[in-house]
Amino acid sequence: MAAWEIVLLVILGVLVLLFLGGLAGNARVRARSDRELTRRISEADNALASARAEDRGWDPALLEAAARTAFAERRPGTAPERLDLVQVVDRPGTDEDRALMRVIHAGGAEEIELQRTGDRWSAV
């Protein structure tokens, strides 16, 4: 094998390694970017649901209290770390109103659907 062939193979090998390294680096950056985008979209959705609920005159403290009570009944001894208002369904009248709360806890996350009866919220 001639010396120029060996040099050419080494150059091609280095180019292939650079290409594969670039692919791996790009995949890491995209994964991190996707997680950040998903988190930001979730925060925006929660803020929108909260704003809509407040606009309708719903008391966020009552929603959170109802969600905490329902969660305590489902998982006694487990405390929620965070409560997020995910969805607001405002139907005509007050007895048809519903809200979906996401409860973040040490074991993961779960959703609790609440229904309004008069001024009282309870789990469905």
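Up top is the structure these notes are about.
Quick notes on the rules
Residues numbered from 1 in each chain as written. Predicted model: local features only at pLDDT ≥ 70, side-chain atom pairs only at ≥ 80, totals over all residues. Heavy atoms only, no water. Helix = DSSP H or I, 4+ residues; strand = E, 2+ residues; numbered from the N terminus. Contact = heavy atoms within 4.5 Å. Buried < 20%, exposed > 50% of the residue type's maximum accessible area, 1.4 Å probe, protein only. Pairing = 2+ DSSP bridges. Axes fitted to C-alpha atoms, helices over the stretch in contact; angles between N-to-C directions. Expected span 1.5 Å × (residues − 1). Arc of directions from axis to C-beta. Patch = residues over 30% accessible without salt bridge, like charges linked within 9 Å, V, L, I, M, F, W, Y side chains within 5 Å. Areas by Shrake-Rupley, 256 points an atom, 1.4 Å probe, with all protein chains shown as cover. Salt bridge = Lys/Arg side-chain N within 4 Å of Asp/Glu carboxyl O.

Visitor: Looking at this structure, I do not really get the side chain of Asp 97. What am I missing?
Guide: Mapped onto the elements, Asp 97 comes out in the loop between β1 (80-89) and β2 (98-105). Contacts of Asp 97, omitting those with residues within four sequence positions, involve Trp 58, Val 89, Asp 90, Arg 91, Leu 114, Gln 115, Arg 116 and Trp 121.

Visitor: Would you explain the environment of Ala 67 in this entry?
Guide: Here Ala 67 shows up in helix α2 (residues 60-74). On the basis of relative accessible area, Ala 67 is assigned to the buried category, the value being 0%. Look past the residues within four positions of Ala 67 in its chain and what remains in contact with it is Leu 83, Met 101, Ile 112 and Leu 114.

Visitor: Help me understand the environment of Asp 84, please; the structure alone is not making it clear to me.
Guide: As for its position among the elements, Asp 84 is in strand β1. Residues in contact with Asp 84, not counting those within four places in the same chain, are Asn 46, Leu 100, Met 101, Arg 102 and Ile 104.

Visitor: Is there a simple way to explain the sheet that holds strand β4 (residues 120-123) in this structure?
Guide: Remark on secondary structure: sheet strands pair via backbone hydrogen bonds, oriented parallel or antiparallel. Pairing is antiparallel in the open sheet, where 4 strands are placed in the order β1-β2-β3-β4. Of all the strands in the sheet, the pair left with one neighbour each is β1 and β4. Going from strand to strand, the sheet's axes swing by 30 degrees on average, the running direction of each strand aside. Across 8 bridges, the pairing between β2 and strand β3 (residues 108-117) is antiparallel. Looking across to β3, one finds that Ile 104 is bridged to Ala 109.

Visitor: Whenever I open this one, α2 confuses me. Can you help?
Guide: Along an α-helix, a turn takes 3.6 residues, which lines up residues three or four apart on a common side. With 15 residues, α2 ought to run about 21 Å at 1.5 Å a step, and its terminal C-alpha atoms sit 21 Å apart, in line with that. Buried within α2 we find Leu 63, Ala 66, Ala 67, Ala 70 and Phe 71. Buried residues of α2, seen end-on, are gathered within an arc of 135 degrees and therefore sit on one face of the element. Residues of α2 that are buried sit in contact with β1, β2, β3 and β4.

Visitor: Quick question: what am I supposed to make of a nonpolar patch on the surface here?
Guide: There is a patch of nonpolar side chains on the surface, built from Met 1, Trp 4, Ile 6, Val 7, Leu 8, Leu 9, Val 10, Ile 11, Leu 12, Val 14, Leu 15 and Leu 18 and spanning about 1200 Å² of accessible area. Here Trp 4 is to be found in helix α1 (residues 3-55). You can call Trp 4 exposed: its relative accessible area is 58%.

Spatial relationships are all this shows, so hold off on functional conclusions.
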